[in-house]
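The primary structure of each chain is shown beneath.
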Amino acid sequence: MKIRRLAIAWAFLYGVTAALGFVSQPDKVLSFCMMLLSVAFFVPGGWLVYEAVSRRDYRLLKIIRNVCLVSLISTMVVLVVNFLSYEASAAAGMVLYWLLILVSAPMICSQLWVIPLFGWACMLMVCLEKGKKKK
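Being a predicted model, the structure only gives us computed values, none of them experimental.

**What about helix H3 (residues 42-55)?**
Phase 1 of the analysis: Here H3 is 14 residues long and its end C-alpha atoms lie 20 Å apart, about the 20 Å a rise of 1.5 Å per residue gives.
Phase 2 of the analysis: Along H3, the residues classified as buried are Phe42, Pro44, Gly45, Leu48, Val49, Glu51 and Ala52.
Phase 3 of the analysis: Residues of H3 that are buried make contact with helix H1 (2-20), helix H2 (28-40), helix H4 (58-84), helix H6 (105-110) and helix H7 (114-130).
Phase 4 of the analysis: Two residues or fewer past H3, Arg56 is found with a positive phi of approximately 55°.

Written out as structure tokens, the structure is:
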């Protein structure tokens, strides 16, 4: 039951950070709140990793690892495509930016891209290290 609640909280924070990623010109207070929410996004995920490690639930670690990989790889691909589309129309640029919001919601929400990327990388590394089954 605890795992389910953490997963729901993580999904909820994803939705909130994705919605806030569409705010184009936040004021200082909202910008600070958005940064805090993007950091808070990693609390349920980190807690899920902790629970999976303590329970030796390799299946859950694999799922979290895959989520981290999908987020990091899709963020890189969409960023590269976005940068390469500088000669495309403004509409194409907006669609690519919206896609970036969806694949890396906490990154866009925080407006400090390094913090969420570091969070994803840390969770990925823990999943990779602790996900090795003992023989």
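Moving on from the coordinates now.
**Comments concerning H1**
Phase 1 of the analysis: For H1, built from 19 residues, the straight-helix expectation of 27 Å at 1.5 Å per residue is met to within 8% by its first-to-last C-alpha distance of 27 Å.
Phase 2 of the analysis: The complete set of buried residues in H1 reads Leu6, Trp10, Leu13, Thr17, Ala18 and Leu20. Looking straight down H1, one finds that the buried residues subtend no more than 160° of arc, so they occupy a single side. Within H1, the exposed residues directed more than 90 degrees away from the buried face are Arg4, Arg5, Ile8 and Phe12.
Phase 3 of the analysis: Among the structural elements, H2, H3, H4, helix H5 (90-103), H6 and H7 are those in contact with the buried residues of H1.

**Remarks on the confidence of the model for the protein**
Phase 1 of the analysis: Confidence in the prediction for the protein averages 91 pLDDT; 98% of positions are at 70 or higher.
Phase 2 of the analysis: Looking across the protein, the model is least confident in H5, with a mean pLDDT of 90, and most confident in H3, with 95.

**A short note on the packing of aromatic side chains**
Phase 1 of the analysis: On inspection of all chains with the given rule, the structure shows five aromatic pairs.
Phase 2 of the analysis: On the numbers, 5.8 Å between centres and 40° between planes, the contact of Trp10 with Phe41 is tilted. With Trp10 in helix H1 and Phe41 in the loop between H2 and H3, the pair connects residues that are 31 residues apart, well separated along the chain. Just as Trp10 is buried, Phe41 falls in that class too.

**Describing the side chain of Ser74**
Phase 1 of the analysis: Its location among the elements puts Ser74 in helix H4.
Phase 2 of the analysis: Once residues within four sequence positions are removed from consideration, Ser74 is found in contact with Leu69 and Val103.

**Some remarks on the pattern of salt bridges**
Phase 1 of the analysis: Applying the stated criterion to the full structure yields two salt bridges.
Phase 2 of the analysis: With a closest N to O distance of 3.2 Å, Glu51 and Lys2 form a salt bridge. Taken together, the residues Glu51 in helix H3 and Lys2 in helix H1 connect sequence positions 49 residues apart.
Phase 3 of the analysis: Among the ionic pairs, Arg55 bridges to Glu51, the shortest N-O distance being 3.2 Å. Here the residue Arg55 and the residue Glu51 both occupy positions in helix H3, the gap between them amounting to four residues, near one helical turn.
Phase 4 of the analysis: Bridged by salt links that share partners, the residues Lys2, Glu51 and Arg55 form one connected network.

Definitions and cut-offs
- Residues numbered from 1 in each chain as written.
- Predicted model: local features only at pLDDT ≥ 70, side-chain atom pairs only at ≥ 80, totals over all residues.
- Heavy atoms only, no water.
- Helix = DSSP H or I, 4+ residues; strand = E, 2+ residues; numbered from the N terminus.
- Expected span 1.5 Å × (residues − 1).
- Buried < 20%, exposed > 50% of the residue type's maximum accessible area, 1.4 Å probe, protein only.
- Contact = heavy atoms within 4.5 Å.
- Arc of directions from axis to C-beta.
- pLDDT = per-residue confidence, 0-100.
- Phe/Tyr/Trp six-rings, centres within 6.5 Å; stacked < 30°, edge-to-face > 60°.
- Salt bridge = Lys/Arg side-chain N within 4 Å of Asp/Glu carboxyl O.

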